[in-house]
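# Fold and contact review
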Amino acid sequence: FDVHGAPIISNHGRLKGIALVLHDITELKKLEQIRKDFVANVSHELKTPVTSIKGFTETLLDGAMESEELRIKFLNIINKESDRLQRLIHDLLELSRIEKDVFQLHWQDVDLNSIIDDVAQLLREKAKEKEIDLQFVSEQHCEFEGDPERIKQIIINLIHNAITYTPNGGSINVKVNRTEEAVELRVSDTGVGISQDVLPRIFERFYRVDPARSRHSGGTGLGLAIVKHLVEAHEGKINVESELGKGTTFSIIFNRKRE
Ligand code: ADP
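Described in the following lines is the structure provided in the data block. Here the structure is a predicted model, which is why all the values come from computation and not from measurement.

### Considering the layout of surface pockets
Here the largest pocket defines a volume of roughly 890 Å³. Along the walls of the largest pocket sit 37 residues, with Asn 157, Asn 161, Tyr 165, Gly 223 and Leu 224 positioned nearest its centre. For the lining of the largest pocket, the secondary-structure elements that each account for two or more residues are helix 2 (68-99), helix 4 (148-164), strand 7 (182-189), helix 5 (211-216), helix 6 (223-233) and strand 9 (247-255). Considering every element that reaches the lining of the largest pocket, the biggest residue donor is helix 4, with eight residues. Its residues assigned to classes, the lining of the largest pocket comprises 15 nonpolar, 15 polar and seven charged. Each pocket or cavity is described by its volume, and for the second largest pocket that value is around 270 Å³.

### Describing the pattern of salt bridges
Charged atoms that come close allow side chains of opposite charge to pair. Enumeration according to the criterion identifies twelve salt bridges in this entry. Here Glu 27 and Lys 30 are joined by a salt bridge, their closest N and O atoms 3.8 Å apart. Taken together, the positions of Glu 27 and Lys 30, both in helix 1 (residues 26-61) and three residues apart, correspond to about one turn of that helix. Judged by its relative accessible area of 48%, Glu 27 falls in the partly exposed class. Relative accessible area serves as the criterion here: at 49%, Lys 30 is assigned to the partly exposed category. Two residues, Lys 246 and Glu 243, come together in a salt bridge whose shortest N-O distance is 3.3 Å. With relative accessibility at 55%, the residue Lys 246 sits in the exposed group. The class of Glu 243 is partly exposed, set by a relative accessible area of 46%.

### Description of the side chain of Ser 251
Relative to the elements of secondary structure, Ser 251 occurs in strand 9. Setting aside chain neighbours within four positions, we find Ser 251 in contact with Glu 184, Leu 185, Arg 186, Lys 237, Ile 238 and Asn 239.

### Concerning the sheet that holds strand 6 (residues 171-178)
Spatial strand order, 4-6-7-9-8: five strands in an open sheet with mixed pairing. For this open sheet the edge positions go to strand 4 (133-137) and strand 8 (237-243), each flanked by a neighbour on one side alone. For this sheet, the mean inter-axis angle between neighbouring strands, taken without regard to orientation, is 10°. As paired elements, strand 7 and strand 9 share eight bridges and run antiparallel to each other. Its bridge partner being in strand 9, Asp 189 is matched across the sheet by Thr 248. Across the face of the sheet, helix 3 (residues 112-129) comes into contact with strand 4, strand 6 and strand 7 while running at roughly 175° to strand 4. Against the sheet, helix 6 makes contact with strand 8 and strand 9, and its axis sits at roughly 140° relative to strand 8, the strand it touches most.

### Topic: the site of the ligand
Lining the immediate environment of the ligand, one finds 19 residues, of which Tyr 165, Asp 189, Ser 214, Gly 221 and Leu 224 sit closest. Residue Asn 161 places a side-chain N or O atom 2.9 Å away from an oxygen atom belonging to the ligand. Here an oxygen atom of the ligand sits 2.8 Å away from a polar atom, N or O, in the main chain of Gly 221. Considering the ligand on its own, with 530 Å² of exposed area, one finds that the protein chains cover 97% of that surface. The site holding the ligand turns out to be the largest pocket. When contributions to the shell around the ligand are tallied by element, the ones reaching two or more residues are helix 4, helix 6 and strand 9. Of the residues assigned to the shell around the ligand, the class counts are ten nonpolar, seven polar and two charged.

Reading the values: rules and limits
- Residues numbered from 1 in each chain as written.
- Predicted model: local features only at pLDDT ≥ 70, side-chain atom pairs only at ≥ 80, totals over all residues.
- Heavy atoms only, no water.
- 1 Å grid on protein atoms, 1.4 Å probe; cavity = no way out; pocket = protein on both sides within 12 Å on 5 of 7 lines; lining within 4 Å.
- Points joined across faces, edges and corners; volume = space filled by probe spheres on them.
- Helix = DSSP H or I, 4+ residues; strand = E, 2+ residues; numbered from the N terminus.
- Nonpolar A, V, L, I, M, F, W, Y, C, P; charged D, E, K, R; others polar.
- Salt bridge = Lys/Arg side-chain N within 4 Å of Asp/Glu carboxyl O.
- Buried < 20%, exposed > 50% of the residue type's maximum accessible area, 1.4 Å probe, protein only.
- Contact = heavy atoms within 4.5 Å.
- Pairing = 2+ DSSP bridges.
- Axes fitted to C-alpha atoms, helices over the stretch in contact; angles between N-to-C directions.
- Near = heavy atom within 4 Å.
- Polar contact = N/O pair within 3.5 Å; in protein donor to acceptor, adjacent residues only side chain to side chain.
- Areas by Shrake-Rupley, 256 points an atom, 1.4 Å probe, with all protein chains shown as cover.
- Sits in = over half its atoms within 2 Å of the grid points.

Structure follows, in structure tokens:
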């Protein structure tokens, strides 16, 4: 609580009482903490690749460059860490753009099936590398009002995650469904799953169940935060169900017409 007090003085100059104003600042404090955590997280996430790039560059300049083997090895690491920095900066800018009040979607008629086809095409190779069976089932036309580029981004992030968090030989199923008012998209995988106690946290910025696994796969920890914002900008709803060791299903419902 934020407390302000002031004496109440009578006409004769006597103290009649004290006025206290109690301000509940729990919410403010919470927001301030979230902001601080975010800045600390960003700093940490940026520092790690920069430290590594600097370290390996210095080692090269100090003489490691003489060895062709080390040169190639270190340059590859520097390249990978630069990629990570680039992805991180891209996702951070993206998130800040989406979170701005002035962020606007380019609304038009969206054909969900054709977007999923595009994304499946884009990620098929990645799935194949892990011998993951990527299936897309649709028996209906699923048109609705939305921003096609943003819908594509949502689907890329979900399928990309499904591939990342599914062991070799697993499968991913993408399904769409349509009713009079809404379309539903479901992305299911037979992956590692997420335990119930952390399930509500996965949409938080930088939250990862297994940080090492996420980093190894090039994740920034921002993908689902971006997805959630984009779904909400569309006035849609996202839901996740998961069972540890069995798999995860993300489902999104979009209204067919803007409210
Ligand atoms: P990341 O870049 O780490 O993948 P995301 O924001 O996309 O960041 O996801 C946050 C975390 O949620 C991931 O680190 C992972 O622990 C978990 N996660 C996301 N998608 C899945 C999935 N399909 N199966 C299991 N865990 C998942």
